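# Secondary and tertiary structure notes
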Amino acid sequence: MKVLVLNGPNLNRLGTREPDVYGSTTYADLVELCEAEGRELGMEVEVRQTNHEGEMVEWLHAAADTSTPVVLNGAAWTHYSIAVRDACSQLTAPLVEVHISNIHQREEFRHHSVISAVANGVIAGLGVEGYQLALRWLALKK
Ligand code: DQA
């Protein structure tokens with residue numbers, strides 16, 4: 001089974017970006033962590049990141065057309081992008097929303113996610129390990 005792990009804006013800056021909030025794991029480390037988890041679970045895991053909303057929307061369209069499960073950290077788009085949410089609504093395989101930080105403990109504008117209502121589940125606040133847990137759940141569902 002193939003799984004896409006899609007990351008939104010600024011997540012390429014992991015490790016240097018606000019380490020007190022997001023930790024010291026770099027984006028390259030995150031990619032390796034997800035790929036290693038995939039190998040353990042016998043799944044092909046492809047990890048991508050973009051700072052361009054249209055690119056994310058097109059990746060989600062392709063996932064919808066191929067029934068590919070998605071782990072999505074929409075980053076800031078989580079809180080306001082109806083375009084990303086509408087693309088998520090079209091997915092035909094499971095969708096897990098992941099946030100490294102606990103968005104509910106942070107600024108009020110982060111408390112609402114426009115994605116959550118169309119995701120199968122949400123993992124927030126468990127650090128980068130949240131991605132591993134999301135992949136494990138997808139492996140159980142296959
Ligand atoms: C984030 C939380 C978002 O509020 C923020 O905009 C991000 C990262 C997280 O992983 O904790 O960029 O999605």
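Rules of the game
- Residues numbered from 1 in each chain as written.
- Predicted model: local features only at pLDDT ≥ 70, side-chain atom pairs only at ≥ 80, totals over all residues.
- Heavy atoms only, no water.
- UniProt positions renumbered as here; feature names shortened; annotations may be inferred.
- Pairing = 2+ DSSP bridges.
- Helix = DSSP H or I, 4+ residues; strand = E, 2+ residues; numbered from the N terminus.
- Axes fitted to C-alpha atoms, helices over the stretch in contact; angles between N-to-C directions.
- Contact = heavy atoms within 4.5 Å.
- Buried < 20%, exposed > 50% of the residue type's maximum accessible area, 1.4 Å probe, protein only.
- Arc of directions from axis to C-beta.
- Polar contact = N/O pair within 3.5 Å; in protein donor to acceptor, adjacent residues only side chain to side chain.
- Near = heavy atom within 4 Å.
- Areas by Shrake-Rupley, 256 points an atom, 1.4 Å probe, with all protein chains shown as cover.
- Nonpolar A, V, L, I, M, F, W, Y, C, P; charged D, E, K, R; others polar.
- Core = buried A, V, L, I, M, F, W, Y, C linked by side-chain atoms within 4.5 Å.
- Expected span 1.5 Å × (residues − 1).

By the naming in an unreviewed UniProt entry, the protein chain goes by 3-dehydroquinate dehydratase and is assigned to Lentzea fradiae. What UniProt records for the protein chain under Pathway (unreviewed entry) is the sentence "Metabolic intermediate biosynthesis; chorismate biosynthesis; chorismate from D-erythrose 4-phosphate and phosphoenolpyruvate: step 3/7." The record in UniProt for the protein chain states the following under Catalytic activity (unreviewed entry): "3-dehydroquinate = 3-dehydroshikimate + H2O".

Let us now look at the sheet that holds strand β3 (residues 70-73). Taken in spatial order, the 5 strands of this open sheet run β2-β1-β3-β4-β5, and their pairing is parallel. Bordering the open sheet on either side are β2 (44-49) and β5 (121-124), each of which pairs with just one other strand. Recorded for the sheet is a direction-independent mean angle of 20° between the axes of neighbouring strands. Inspection of the sheet shows β3 paired to strand β4 (residues 95-99) by 3 bridges, in the parallel sense. Its bridge partner being in β4, L72 is matched across the sheet by E97. Across the sheet, helix α3 (residues 53-65) lies against β1 (2-7), β2 and β3, angled at about 165° from β1, the strand it touches most.

The next point concerns the side chain of N7. Tracing the backbone through its elements, the reader meets N7 in strand β1. What makes N7 buried here is its relative accessible area of 0%. If we skip the residues at most four places from it in the chain, N7 touches Y27, L30, V47, R48, Q49, T50, M56, N73 and Y131.

In this section: helix α4 (residues 82-89). Residues V84, A87 and C88 constitute the buried set of α4. What you see down the axis of α4 is that its buried residues fit within an arc of 100°, all on one side. Tucked into the core, α4 has its buried residues touching α3, β3 and β4.

Let us now look at the side chain of N73. Within the secondary structure, N73 sits in strand β3. Among the polar contacts made by the side chain of N73, one reaches the main-chain amide nitrogen of A75 at a distance of 2.9 Å. Apart from residues no more than four positions distant in its own chain, N73 is found in contact with L6, N7, G8, L11, V98, H99, I100 and Y131.

Moving on, we get to the site of the ligand. Surrounding the ligand, one finds R17, Y22, N73, A75, A76, H79, H99, I100, S101, I103 and R110. Contact distances for the ligand include 2.6 Å between an oxygen atom and a side-chain N or O atom of S101. For the ligand, whose free accessible area comes to 320 Å², the fraction covered by protein is 99%. Here the residues of the shell around the ligand are counted per class, giving 5 nonpolar, 4 polar and 2 charged.

Counting residues in each nonpolar core, the largest one holds 24 residues, and the members touching the most others are V5, C34, V71, Y131 and L135. The dominant element in this core, judged by the number of residues it contributes, is helix α5 (residues 129-141), at 5 residues. Listed in part, the 19 residues of the second largest apolar core include L6, V57, V70 and A119.

Another point: helix α2 (residues 27-41). With 15 residues, α2 extends 21 Å between its outermost C-alpha atoms, agreeing within 8% with the 21 Å of an ideal straight helix rising 1.5 Å per residue. Among the residues of α2, those classed as buried are Y27, L30, V31, C34, E37 and G38. Axial view of α2: buried residues confined to an arc of 130°, hence all on one face. Facing away from the buried surface of α2 by more than 90 degrees, the exposed residues are A28, R39 and E40. Those residues of α2 that are buried are in contact with β1, β2 and α5. Of the residues trailing α2, G42 is marked for its positive phi of about 70°.

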